[in-house]
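Observations on the model geometry
This is what each chain is made of:
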Amino acid sequence: MSTQLLVGGRLYSSSSPDATAMAVTDGTVVWLGADRPGRALYPDAEIIELDGAFVAPAFVDPHVHVTALGLQLTGLDLSQATSLTHCLELVRNYALAHPGSVLGDGWDETRWPEGRPPSVEEIDAAAGPGRAVYLVRVDAHSAVVSSALLDAVPGVTAAAGYTTGEPLRADAHHLVRAAALNGLDRTQRDEARRAALDHAAANGIVAVHECAGPQISGRADVTELLEFTHGVEVRAYWGEAVTSAERARALIGELGVHGLAGDLFADGSIGSHTARLRSPYADRDTTGVGYLDADAVAAHVRACTEAGIQAGFHAIGDGALDAVVQGFSRVAAELGTPAVAARGHRVEHAELLDAGQIAELAACGVIASVQPGFDAAWGGPDGMYAARLGADRAAALNPFAAMAAAGISLAIGSDAPVTALNPWEAVRAAAHHRTPGHQISPRAAFSAATRGAWRAGGVRDGVAGTLVPGAPASYAIWDATELVVAAASDKVQRWSTDPRSRVPGLPPLDPGTKLPRCLRTVHRGSVIHEA
């Protein structure tokens, strides 16, 4: 057996909140306590001096698109474009430096003074004639493309979601995305995966949940990702609806994925006007796009429940959530609530939901995989959500406190590359929600990004995502300043670093404060990142 003894640190442990040392044997936490007893108990251990660093359970991101994130990190990142003119300049410069097709990600016209996306003609002029250009919006539910790429995709102009002069949405977007990604070779895809997973490890993340599907990245991508070797663990979901347990088992066997969940689209996104709403958008005469009705949802949940497979759906708007909630409730009535709840089925995003929907999802044991970064980016009275939905509906989005209070298990992630793969930013956003009363405490948010995210991936051993004896040694070491114990941001703050409080402290997460910097990431005892 090989034992490491970490000493001289500050450890986030519910069982030993005043611990300064931790012993790890063969990838498992075996002891926590003070330095001197640790040295006496483990005299032959390898000593790791922490020099006051903060040690906490490593993060898990339950909603990531690995290859897409890697392409953003290594390619044309348009998330920093400050205007339409700037966006086209970035496209022009990238096209001059890189032969072949141009794939860009992250533009958001709601932040630009022009208030509109690029046109086909402007893209052609920026990239040059004959270049295939695919520029996906920040929410990944619409895109603008060059005329060459449009011409290369048969049937796109007749597909749902195609309107001359507007970004491609729905089926038209899915067709063009598949064509654009098919233009990459295996080497390019593997380079992107390595960049994305390296980035995850550098941010204290030891596992990610890939949300793949036939309309997202395709079969080849998810198969290659599962073959790819990296220290960051990948749990893969496939977003394809089934109607029988036999078909559910067959898909799992064919693809090697872990569940039929993730981005199985019930609708699209608010930014692209494709989230399914009960009543029209405030700034466009549409109620969005509904991909699945309650019958299709129920069929999928029933099939997966009978097959013993985790199911789940992407649902953002209240109209889409109506279909998802009705589908879960029907199957719970047929098969029994315990049978449904035992599978740990999921809903991704779950942004615009009311008290009745919250109660139904909680009763069915549905886990909510949420992204607080959405509220940080687009919430508030002057944000994109208010422009799309009106102030009242926008203020109802992402009611984390109500969901947690009802008993819904939360898992906090990023939907990267939609929002940044930065778990401390996500925890801070959950604790400082733009709508008063929707925020949760920093401690609850941290738990949702660690223990809750492991649980969302089917790990229910009671110790994953914690630092207690018997837990996997999956942790990150952080350069952090003071540690505090704080309530939710709309409550009175309770600041304390006194060990007698028996509550472990976290780094301060107030807006504007410097976030911790990752020094080392360890997964089951193996170092996967070293600063």
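Residues numbered from 1 in each chain as written. Predicted model: local features only at pLDDT ≥ 70, side-chain atom pairs only at ≥ 80, totals over all residues. Heavy atoms only, no water.

Going by the annotation in an unreviewed UniProt entry, the name recorded for the protein is Amidohydrolase 3 domain-containing protein, with Nocardia mexicana given as the source organism.

Next up on the list: the nonpolar core. Core analysis: the biggest nonpolar cluster contains 67 residues, and Phe54, Val208, Phe328, Met403, Leu410 and Trp424 have the highest contact counts within it. When residues of this core are assigned to domains, at least three map to each of domain 1 (3–58 + 465–530) and domain 3 (188–457). For Leu410, the residues in contact, after removing those within four places along its chain, are Ala368, Val370, Phe400, Met403, Ala404, Ile440, Ala448 and Gly452. Core analysis: the next-biggest nonpolar cluster, separate from the first, contains 18 residues, Ala81, Tyr94, Val102 and Val144 among them. (Core = buried A, V, L, I, M, F, W, Y, C linked by side-chain atoms within 4.5 Å. Buried < 20%, exposed > 50% of the residue type's maximum accessible area, 1.4 Å probe, protein only. Domains from an automatic or database assignment. Contact = heavy atoms within 4.5 Å.)

So, about the sheet that holds strand S17 (residues 367–370). If you walk across this open sheet you meet the four strands as S15-S16-S17-S18, and the pairing is parallel. If you trace the sheet from one side to the other, it starts and ends with strand S15 (312–315) and strand S18 (410–412), each paired once. Ignoring strand direction, the axes of neighbouring strands in this sheet form an average angle of 20°. Bridging between S15 and strand S16 (residues 346–349) involves four bridges; their strand directions are parallel. Considered in S16, the bridge of Ala315 is made with His349. (Pairing = 2+ DSSP bridges. Helix = DSSP H or I, 4+ residues; strand = E, 2+ residues; numbered from the N terminus. Axes fitted to C-alpha atoms, helices over the stretch in contact; angles between N-to-C directions.)

Moving on, we come to the domain arrangement of the protein. Segmentation of the protein into domains returns domain 1 (3–58 + 465–530), domain 2 (66–183) and domain 3 (188–457). Relative placement of domain 1 and domain 3: their C-alpha centres are 29 Å apart. Taken together, the contact between domain 1 and domain 3 spans 33 residues of the former and 26 residues of the latter. Here domain 1 is connected to domain 3 by one salt bridge. Here Glu233 ties to Arg524 by a salt bridge, and the two come within 2.9 Å at their closest N and O atoms. Joining domain 1 to domain 3, the criterion identifies six residue pairs in polar contact (both at pLDDT 80 or more). (Salt bridge = Lys/Arg side-chain N within 4 Å of Asp/Glu carboxyl O. Polar contact = N/O pair within 3.5 Å; in protein donor to acceptor, adjacent residues only side chain to side chain.)

Considering all chains together, one arrives at 29 salt bridges under this definition. One salt bridge in this structure joins Glu109 and Arg137, with 3.0 Å as the shortest N-O distance. Pair noted here: Glu109 is in the loop between strand S9 (102–107) and helix H4 (120–127) and Arg137 is in strand S10 (residues 133–137), with a separation of 28 residues, a long-range link. Looking at Glu109, the relative accessible area reads 10%, which means it is buried. The salt bridge partner of Arg388 is Asp283, with a shortest N-O separation of 3.0 Å. Of this pair, Arg388 sits in helix H15 (residues 384–389) while Asp283 is found in the loop between helix H9 (245–255) and helix H10 (294–307), placing the two residues 105 residues apart along the sequence. The class of Arg388 is buried, set by a relative accessible area of 7%. For Asp283, a relative accessible area of 35% puts it in the partly exposed group. One network of salt bridges, in which partners are shared, links Asp108, Glu109, Arg111, Arg137, Asp139, Asp283 and Arg388.

Hydrogen bonds between backbone atoms are what pair the strands of a sheet, whose relative direction is either parallel or antiparallel. Ordered by their spatial adjacency, four strands build an open sheet running S4-S3-S1-S5, and the pairing between neighbours is mixed. Lying at the two open borders of the sheet, with one neighbouring strand each, are strand S4 (28–33) and strand S5 (46–49). Taken over all neighbouring pairs, the strand axes of this sheet differ in orientation by 20° on average, direction set aside. Sheet topology note: the strand S3 (residues 21–25)/S4 ladder contains five bridges and is antiparallel. When the bridges of S4 are listed, Met22 appears paired with Leu32.

With that settled, the discussion passes to the packing of aromatic side chains. Scanning the model with the defined rule gives 13 aromatic pairs in all. Aromatic side chains Trp107 and Trp112 sit 6.3 Å apart centroid to centroid with 35° between the ring planes, which places their arrangement in the tilted category. Like Trp112, Trp107 is buried. Both rings, one in Phe374 and one in Trp378, keep their centres 5.5 Å apart while their planes meet at 50°; by these two values the pair is tilted. One end of the pair, Phe374, and the other, Trp378, are both in helix H14 (residues 372–378), four residues apart, so they sit about a helical turn from each other. You'll find Phe374 and Trp378 in the same group, each marked buried. By way of ring pairs, the aromatic residues Tyr12, Phe54, Phe59, Trp424, Phe446 and Trp478 are connected into one cluster. (Phe/Tyr/Trp six-rings, centres within 6.5 Å; stacked < 30°, edge-to-face > 60°.)

Glancing now at the side chain of Ser16. Structurally, Ser16 can be placed in the loop between strand S2 (10–11) and S3. Given the relative accessible area of 14%, Ser16 is considered buried.

All right, on to unusual backbone geometry then. Omega for the bond connecting Ala416 with Pro417 falls within 30 degrees of zero, at 15°, which places this linkage in the cis form. In this structure, Pro417 sits in the loop between S18 and helix H18 (423–431). Phi is positive for Asp51, close to 55°, though the residue is something other than glycine. Structurally, the position occupied by Asp51 is in the loop between S5 and strand S6 (54–57). One non-glycine residue with positive phi stands out, namely Asp415, at about 60°. As for its placement among the helices and strands, Asp415 is situated in the loop between S18 and H18. The class of Asp415 is buried, set by a relative accessible area of 6%.

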